[in-house]
Amino acid sequence: MSELHKFLFDGLPVRGAIVRLTDAWQEILKRRAANNETGAYPAPVTELLGQMSAAAVLMQANIKFNGALVLQIFGDGPAKLAVVEVQPDFGVRATATLQGEVAPDASLSQMVNQNNEGRCAITLDPLDRMPGQQPYQGVVPLFGDQKEKLEKLSEVLEHYMLQSEQLDTTLVLAANMDVAAGILIQRLPLEGSGNLAGKYDSVEREAALGQSEDYNRISILAKSLKAEELLGLDIETVLHRLFWEEPLLRFEPLVGETGPKFHCSCSRERVGRMIKGLGVAEVESILSERENIEVGCEFCGKQYHFDPVDAASLFTQPEAIPPTGPSVH
């Protein structure tokens, strides 16, 4: 069963989280493999999308936000787009769009950043969005400060976190056909962090912000974790191996209903809104060529069918369509 664990290092400006997606991740891959038009993902795409899924859960767990976190990688290679969406209750869905052949040993840049034009976008879409309010989105390139291509998703996201939150972050990510897993370590600001409250006066706080010995030590420990360990060992074993000498404070694990699980937010109502958005003329044109309008969800594979009567009702009964929610990608 998929699980998420959060923890603090007592008295130190460092927090962390570790996730292990099993049934949730396997469900995503199973639905993709069952799609007769696309078939299963190539191995490099499976690894990338799995790492993105683990990372998106870790980032959602790290923010206080009532809305969906959407992580996207897009660029100019055969993997045109990869998307992961994580809801506040850790419902996860993911998909990738391919437009060419992906080599069995393709790197990140070969898949999405061949000409250094690839991008990583993180969108926060509030569930209680006010009229006219736009989701927040941050975008970073898939290259480093010297324009060098980044070949690890973890490096891209660490760069994003440093830019967006001005906080040092360490990520270790791994994925295969059975498990998508990751660990996140982040250095906290001294000001306002509960486990350090009152420990320093203002002058000492300012000085201590430039010192990151504790974070660096813990970061080095985390980065010593090999992919096969992250994928093959249970969370208790991983945390003990890495931090058995550190003052670790654990939160209640999030498993089952409270933890990560596969969930797709598509619905007939949302598809109906999309069809209605095409306009009467376009819908009538489509139905003049076929008996039904068929729309398949790229995330879960569910098929929605609208016959001429269904389609007409979209325009004659607008009250049947509820207010617009988060976008379906």
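Thresholds, definitions, all that
Residues numbered from 1 in each chain as written. Predicted model: local features only at pLDDT ≥ 70, side-chain atom pairs only at ≥ 80, totals over all residues. Heavy atoms only, no water. pLDDT = per-residue confidence, 0-100. Contact = heavy atoms within 4.5 Å. Helix = DSSP H or I, 4+ residues; strand = E, 2+ residues; numbered from the N terminus. Expected span 1.5 Å × (residues − 1). Buried < 20%, exposed > 50% of the residue type's maximum accessible area, 1.4 Å probe, protein only. Pairing = 2+ DSSP bridges. Axes fitted to C-alpha atoms, helices over the stretch in contact; angles between N-to-C directions. Core = buried A, V, L, I, M, F, W, Y, C linked by side-chain atoms within 4.5 Å. Parallel < 35°, antiparallel > 145°, perpendicular 65-115°, else oblique. Left-handed = near helix turned anticlockwise from the far one by under 90°. Nonpolar A, V, L, I, M, F, W, Y, C, P; charged D, E, K, R; others polar.

## Notes on the confidence of the model for the chain
Averaged over the chain, the pLDDT score is 84; the fraction of residues at 70 or greater is 89%. Within the model, the stretch residues 192-210 combines pLDDT values under 50 with 19 contacts to residues more than four positions away or in other chains. pLDDT under 50 marks residues 320-329. Its contacts with residues more than four places away, or in other chains, come to 24 contacts.

## Points about helix H2 (residues 43-61)
Taking 1.5 Å as the rise per residue, H2 with 19 residues should run 27 Å; its terminal C-alpha atoms sit 27 Å apart, in good agreement. In terms of residue burial, H2 counts as a mostly covered element, since 17 of its 19 residues are buried.

## Things to note about the pairing of strand E13 (residues 293-296)
Side-chain alternation along E13 places Ile293 and Val295 on a buried face and Glu294 and Gly296 on a face that remains uncovered. Of the strand pairs in this sheet, E13 and strand E14 (residues 303-306) are connected by four bridges, and their pairing is antiparallel. By the bridge assignment, Val295 is partnered in E14 with Tyr304. Connecting E13 to the antiparallel partner E14 that follows it, the hairpin turn spans six residues, and Gly301 within it adopts a positive phi of roughly 85°.

## Considerations on the sheet that holds strand E7 (residues 136-141)
Taken in spatial order, the six strands line up as E7-E6-E3-E4-E5-E12 in an open sheet, and their pairing is mixed. One side of each edge strand has no neighbouring strand; the edge strands of this open sheet are E7 and strand E12 (261-262). Judged from the seven bridges that link them, strand E4 (residues 79-86) and strand E5 (residues 91-98) form a sheet pairing that is antiparallel. Bridging across to E5, Val86 finds its partner in Val92. Sheet strands touched by helix H1 (residues 23-33): E5 and E12. Its angle to E5, the strand with the most contacts, is close to 35°.

## Looking at the nonpolar core
What tends to happen in soluble globular proteins is that the nonpolar side chains get buried as a cluster. In terms of nonpolar packing, the biggest core is built from 69 residues, with Leu49, Met52, Leu71 and Leu157 touching the most fellow members. Residues contacting Leu49, with those up to four places away along its chain left out, are Trp25, Tyr41, Ala82, Val83, Val84, Ala94, Thr95 and Ala96. Residues Leu12, Ala174, Ile218 and Val238 belong to the second largest nonpolar core, which totals 22 residues.

## Let's talk about the side chain of Arg32
With respect to the helices and strands, Arg32 occurs in helix H1. Residue classification places Arg32 among the buried positions, given a relative accessible area of 12%. Residue contacts for Arg32: discarding those within four places in its chain leaves Thr38, Gly39, Ala40, Tyr41, Thr95, Ala96 and Leu98.

## Overview of unusual backbone geometry
Note: most residues except glycine have negative phi, and most peptide bonds are trans. One non-glycine residue, Asn116, lies in the positive phi region at around 60°. The residue Asn116 is located in the loop between helix H3 (108-112) and strand E6 (119-126) in this model. In this structure, Lys147 is a non-glycine residue whose phi angle is positive, near 70°. Within the secondary structure, Lys147 sits in the loop between E7 and helix H4 (153-165).

## Side note on the packing of H2 against H4
Taken N-terminus to C-terminus, the directions of H2 and H4 make an angle of 30°; their axes are 10 Å apart at the nearest point. Regarding the angle of H2 to H4, the classification is roughly parallel. Like other packed secondary-structure pairs, H2 and H4 cross with a definite hand, here right-handed. On H4, the residues that touch Leu48, Gln51, Met52, Ala55 and Met59 of H2 are Leu153, Leu157 and Met161. Among the residues forming the contact of H2 with H4, the class breakdown is seven nonpolar, one polar and no charged.

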